[in-house]
Amino acid sequence: MVHTVPGPRPAPRLRAGDPYRGWRQWYEDGLGWATARGPGGEPQLLTGLRFDVLDLPAEAGLAVLGRGARTGPVALEGRRMRLLVAAGAAEELPGLLDWLEWRGIPLDLSATGAGGLVAAPAPAGAAGRSPVMPREAAVWLRPPEPGRRVEPTLPVTGLGRTGSGSERSAPDLVRLVDSVATACHRVRLRRGAAQPLAFS
C-alpha cells in the first residue's frame, strides 16, 4: 500500500527576491517536512520529527552505497554524507554501536535527532542556482519523492516493527549502522596509514 501526502509539487525554480521560497514550499507542501531559515535565509530541515540523520564521511558513505546498502534518502554536502533514518534513531545510535561491538573505537560518525537542523539540499531537479550558495552546498544523491511518505523508506530497528507491510519492507537500521561503522573505520585506517611517521 502506498502512503501519500497531498499537494505534490514539481521542483521549483529559484526566484529573485527570495531564492529559497520555492525550495521551502517544495519541502513543506510537497513532502510535509518542517523547515527553518538559516543565517542567510537558506532552508534547513528540522530533524527528529519525520526523520533523523546519520552523518559520516562521504568516502565511507559512497563505499556503503556502492555495496548496495538499503537506505532512505541520502544527501551529500561537501565531504560529508547524510543518511535519513527513522525518527528516534539518533538516540539509538550509541547503544547500537555498543551492541555491534564498536564501543571505544573512534568513528567519524554522528547522528542528529530531536531539535536538530541540517542543510536542506536543492530540491531534486530544481532549475537554477542561488548566487549565495557555496559550491559544496548540499545535494540529493537519493532524493525523497514528493507526494509519498518518507517513513516507509527509512531504516528502522527490527525490534520495534509491528509486522505491517510498510514496516517490514523498511531498510534495517542495525545492518546499516554496522555497514556504516565498518566503512568509517576503514576510512580512518586508510587516512592513518597515509600519514607520514613522525620521528623526533
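So, a few notes on the structure that sits alongside this text.

Rules behind the numbers
- Residues numbered from 1 in each chain as written.
- Predicted model: local features only at pLDDT ≥ 70, side-chain atom pairs only at ≥ 80, totals over all residues.
- Heavy atoms only, no water.
- Helix = DSSP H or I, 4+ residues; strand = E, 2+ residues; numbered from the N terminus.
- Pairing = 2+ DSSP bridges.
- Axes fitted to C-alpha atoms, helices over the stretch in contact; angles between N-to-C directions.
- Contact = heavy atoms within 4.5 Å.

## A word on unusual backbone geometry
Okay, step 1: Even without being a glycine, glutamate 101 presents a positive backbone phi close to 65°.
Okay, step 2: Within the secondary structure, glutamate 101 is located in the loop between α3 (89-99) and β6 (110-112).

## A look at the sheet that holds strand β3 (residues 51-57)
Okay, step 1: Taken together, 5 strands build an open sheet; the order of strands is β6-β3-β5-β4-β8 and the sheet is antiparallel. Sheet topology places β6 and β8 (139-142) at the edges, where each strand pairs with a single neighbour. Neighbour to neighbour, the strand axes of the sheet diverge by 30° on average, direction disregarded.
Okay, step 2: Sheet topology places strand β4 (residues 74-77) next to β8; 3 bridges connect them, and they run antiparallel. When the bridges of β8 are listed, leucine 76 appears paired with valine 139.
Okay, step 3: Contacting β3, β4, β5 (80-86) and β8, helix α2 (residues 58-66) runs over the sheet at an angle of about 110° to β3.

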